[in-house]
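Overview (structure and organization)
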Amino acid sequence: MSLLVVGSVALDTLETPFDKMDDALGGSATYISITSSYFTSSVYMVGVVGEDFDKAHIDLLKSKKVDLEGLQIIEGGKTFRWGGKYLDDFNQRETLFTHLNVFEHFDPVIPESKRNADFVILGNIHPGLQMNVLNQINNPKMIVCDTMNLWINIALEELKEVIKRVDVLIINDEEAKMLTGDNNLIRAADQIMEMGPKYLIIKKGEHGAMMFHEDKVFSAPAFPVKNLYDPTGAGDTFAAGFTAWLDKTNDLGFDNMKKAVVYGSVMASFTVEKFSTKRIENLSNKEIEERYNKFVELSRF
Ligand code: AMP
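Throughout what follows, the structure given in this document is the object of discussion. (Residues numbered from 1 in each chain as written. Predicted model: local features only at pLDDT ≥ 70, side-chain atom pairs only at ≥ 80, totals over all residues. Heavy atoms only, no water.)

A closer look at the sheet that holds strand 1 (residues 3-6)
Sheets are built from strands paired through backbone hydrogen bonds, the pairs being either parallel or antiparallel. Pairing in this open sheet of 9 strands is mixed, and the strands run 5-4-1-8-9-10-11-12-13 from one edge to the other. This sheet does not close on itself; its edge strands, each paired only once, are strand 5 (66-74) and strand 13 (216-220). Across the sheet, the axes of successive neighbouring strands diverge by a mean angle of 15°, strand direction being ignored. As paired strands, strand 10 (residues 168-172) and strand 11 (residues 199-203) are joined by 5 bridges and run parallel to one another. Pairing of Ile-171 across the sheet is with Ile-202, part of strand 11. (Pairing = 2+ DSSP bridges. Helix = DSSP H or I, 4+ residues; strand = E, 2+ residues; numbered from the N terminus. Axes fitted to C-alpha atoms, helices over the stretch in contact; angles between N-to-C directions.)

Written out as structure tokens, the structure reads:
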């Protein structure tokens, strides 16, 4: 099976209570592609970088067998840069800066040979760009969409048009409240489901995630992580673990979707243990399975 990923490719400046790093590899498409590579061998990445994007990053993606035909490298351009700072409890993140650079004129072009991908993840980018992608793809089995507070604030109508056309919307609790103006998550979920997605997943950070579908609800805890180091990319990694599991198993039954939520949580729990993409660069399938099994044990009663 195959998985098309469209999103940002970034150089992040990250500040946590423990450490600081400039120009670390980041971006939604990056986290999603690396994570998905543990589940499926056909990951197609679409994004844009500048000439300053280190060849070592390209080599890393290639080593994960990520197909880079759709990655545009703009001559003379500078890569998108984002700076984020976490406060002491890691629950709050402040955006320090967003330098769009080559992202400002990004026009995602899905290579002809990738338009029939089985699964599509619309990573966190401007909803107008997400819509461009929807207009280029041919009937995938599932379209999964991520977004962020910025787009709810500045591009709400475009975002709602995208939400109408996707199968799964993944957002966090704050975004669900912003999207609906309702502080009760269950009522907010009802309202978002009316906007069109077949499935809604609301992430609640260290409190886990909830999946809604028709009259069904599934609630999974977050994996208890002892060494939380850098939460950047946790949301992207969750979306990737979830979707790539479905791509690998090709089973869209609700029970398998529950497993997908757990794989999403498992992959997110790895990401946060080290800076940037460091922890997910060298995982083994054995480690992933062991953590999945621990997770099952942890939530059984
Ligand atoms: P997450 O922690 O899952 O929300 O994802 C963090 C990643 O999102 C970082 O690596 C950033 O480079 C990327 N990012 C931050 N702001 C934006 C934006 N406005 N558009 C696209 N990607 C962004």
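Concerning the pairing of strand 4 (residues 43-50)
Across the 8 residues that make up strand 4, a large majority, 8, are buried. Side chains of strand 4 alternate between two faces, with Val-43, Met-45, Gly-47 and Val-49 and Tyr-44, Val-46, Val-48 and Gly-50 buried alike. Crossover strand 4 to strand 5 through helix 2 (residues 55-63) is right-handed. (Buried < 20%, exposed > 50% of the residue type's maximum accessible area, 1.4 Å probe, protein only. Right-handed = clockwise from strand over helix to strand, strands pointing away.)

Some remarks on helix 2
Those residues of helix 2 lying buried are His-57, Ile-58, Leu-60 and Leu-61. Around the axis of helix 2, the buried residues are gathered within 155° of arc, so they sit on the same side. Those residues of helix 2 that are exposed and aimed more than 90 degrees away from the buried face are Lys-55 and Lys-62. (Arc of directions from axis to C-beta.)

These results come straight from atomic positions and should not be treated as a statement about function.
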